[in-house]
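Chain by chain, the residues:
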Amino acid sequence: MHSSSRRRLTAVALSTVVAVTGAACSSGSGSTDAKGSDSGTYTVWDPYPQFAKGSAWVKLLDACGAKAGVKIKRTGYDTSDLANKALLAAQQDNSADVLIVDNPVVSTLAEAGVLTSTDDNKLDTSKVDPNLLAAGQSDGKTYGTPIGANTLALYYNKKVLKEAGVDVASVKDWTSLTAALAKVKAAGKKGITFSAIGTEEGSFQFLPWFWGAGAKLTELDSAQAVSALSLWKDWLGQGYAPNSVINNTQTTSWQEFAGGDYAFAENGTWQLANAKKAGFEYGVLPIPGADGGSAAAPTGGEFVTLPAQGDTGRYATSQKLATCLTSSQNLYDTDTTLSYVAPTDEVQAKQVAANAELKPWVEAVKAAKGRTSDDLGIKYPKISEQLWKAVQSALSGAKSPKDALTSAQAAVK
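Residues numbered from 1 in each chain as written. Predicted model: local features only at pLDDT ≥ 70, side-chain atom pairs only at ≥ 80, totals over all residues. Heavy atoms only, no water.

Undergrad: Hey, could you go over the side chain of asparagine 121 for me, with residue numbers and the actual values?
TA: By the secondary structure assignment, asparagine 121 is in helix α6 (residues 118-121). A polar contact is formed between the side chain of asparagine 121 and the backbone nitrogen of leucine 123, at a distance of 3.0 Å. Discounting chain neighbours no more than four positions away, the residues touching asparagine 121 are Thr116, Leu306 and Gln319. (Helix = DSSP H or I, 4+ residues; strand = E, 2+ residues; numbered from the N terminus. Polar contact = N/O pair within 3.5 Å; in protein donor to acceptor, adjacent residues only side chain to side chain. Contact = heavy atoms within 4.5 Å.)

Here it is, written out as structure tokens:
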């Protein structure tokens, strides 16, 4: 791509990036290394500031650099900070050689002319699950390849369900899940907790129910969408879910579940380590669709992308670095470290063979869907904002689910 495409980098692109980051991703703070001008040094920017020098991740980067015959200059940034820095660096023709970025941001960076497509950079994405790859596709082109994915499912407390006389195998759709919550409440325990906060996290957690009803993000006021929001509203009304969900982040929602009184919690792959520390036996269930089967949950996780460079001679080595980082063995090691599900069948099978607890997560990821899929791209943040506002409005009692979603659709248009 040429510098003319970078003139489209605007405040709108920056605000779009800020809106979509942070629902299912790492966080922290990083330093601000500038790009190395040495032709034998290649820069990598990633959203994993928690991994310091000497960590397995940094050693992998160095090993891939050595394999390609170059040195790696790596900087780990906070997720939203990274996306903004990528936009600004592109304006100055000072982009990183390899950029690892939260998946819903890929379409925004691509639209702004920051990234090269796989047609240009020759990255091989043939083994990647199509539903995961879709998060990095815009206008018929693919920009990068996923390093791994996380998503949402239902954690459940085995003791609470047993004492309430609920067989988890009976939970197959919304009707049976609600019946289970009724039994749990009758037994004196708490039903389900989730995050419905007025941010991207709230939309992220609502989407499995929205999509599980058969609703589409292009039609927020459909009957299916109303049924999904009505489900959540009814749960609060019946006392099956707490009013605290309106302010809950995914972290505070998890803390409620970890207290031991809740039967279910909607949360992500990234809570697996905390689940093991919770002090009670738990299981994981894919979020059911309205009429059964697994609902599509949104994918979190990052893409390895190759930004556009003024010096196109750098692309060949950058492609080698990206290919190394996403080789089967390296995907396995990295996704194990990050508690992610790998993006390919081969590595997913290896993960489940090593840890049977990952089986429901692999199923959930296979049914998952990118938030910017269906060619929504940079339209998604505006849609998402109206969706979380509708959820807040309905759950607080300010509007009915139907009226809240009608207003949301009108605002998007």
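Still more ground to cover, so stick around.
Undergrad: Give a detailed account of the sheet that holds strand β9 (residues 262-268), specifying residues and quantitative values.
TA: One open sheet accounts for four strands, arranged β8-β9-β7-β10; its pairing is mixed. The strands lining the two open edges of the sheet, one partner per strand, are β8 (190-193) and β10 (282-285). Between one strand axis and the next, the sheet turns through 20° on average, direction left out of account. By the bridge criterion, three bridges tie β8 to β9 in an arrangement that is parallel. Across the sheet, threonine 193 pairs through a bridge with alanine 265, a residue of β9. Against the sheet, helix α17 (residues 359-367) makes contact with β7 (152-157), β9 and β10, and its axis sits at roughly 150° relative to β7, the strand it touches most. (Pairing = 2+ DSSP bridges. Axes fitted to C-alpha atoms, helices over the stretch in contact; angles between N-to-C directions.)

Undergrad: Residues and numbers for the packing of helix α3 (residues 56-68) against helix α14 (residues 315-325), please.
TA: At a minimum axis separation of 9 Å, α3 and α14 run at an interaxial angle of 135°. Our classification of the angle between α3 and α14 gives oblique. Along this stretch, α3 crosses α14, giving a crossing that reads as right-handed. Note on element contacts: α14 touches α3 through Thr317, Lys320, Leu321, Cys324 and Leu325, opposite Trp57, Leu60, Leu61, Cys64, Gly65, Lys67 and Ala68. Looking at side-chain class alone, the contact of α3 with α14 contains eight nonpolar, two polar and two charged residues. (Parallel < 35°, antiparallel > 145°, perpendicular 65-115°, else oblique. Left-handed = near helix turned anticlockwise from the far one by under 90°. Nonpolar A, V, L, I, M, F, W, Y, C, P; charged D, E, K, R; others polar.)

Undergrad: Tell me about the nonpolar core, residues and numbers included.
TA: If you look at the biggest cluster of nonpolar residues, it comprises 57 residues, and the most contacted ones within it are Trp209, Phe210, Leu217, Trp235 and Phe264. Those elements giving two or more residues to this core turn out to be β7, α8 (158-163), α9 (174-186), α10 (200-212), α11 (223-238), β9, α18 (380-395) and α19 (401-412). Among the elements that line this core, the one with the most residues is α11, at eight residues. Formed by 28 residues, the second largest nonpolar core is a distinct cluster that contains Phe51, Ala68, Ile100 and Leu123. (Core = buried A, V, L, I, M, F, W, Y, C linked by side-chain atoms within 4.5 Å. Buried < 20%, exposed > 50% of the residue type's maximum accessible area, 1.4 Å probe, protein only.)

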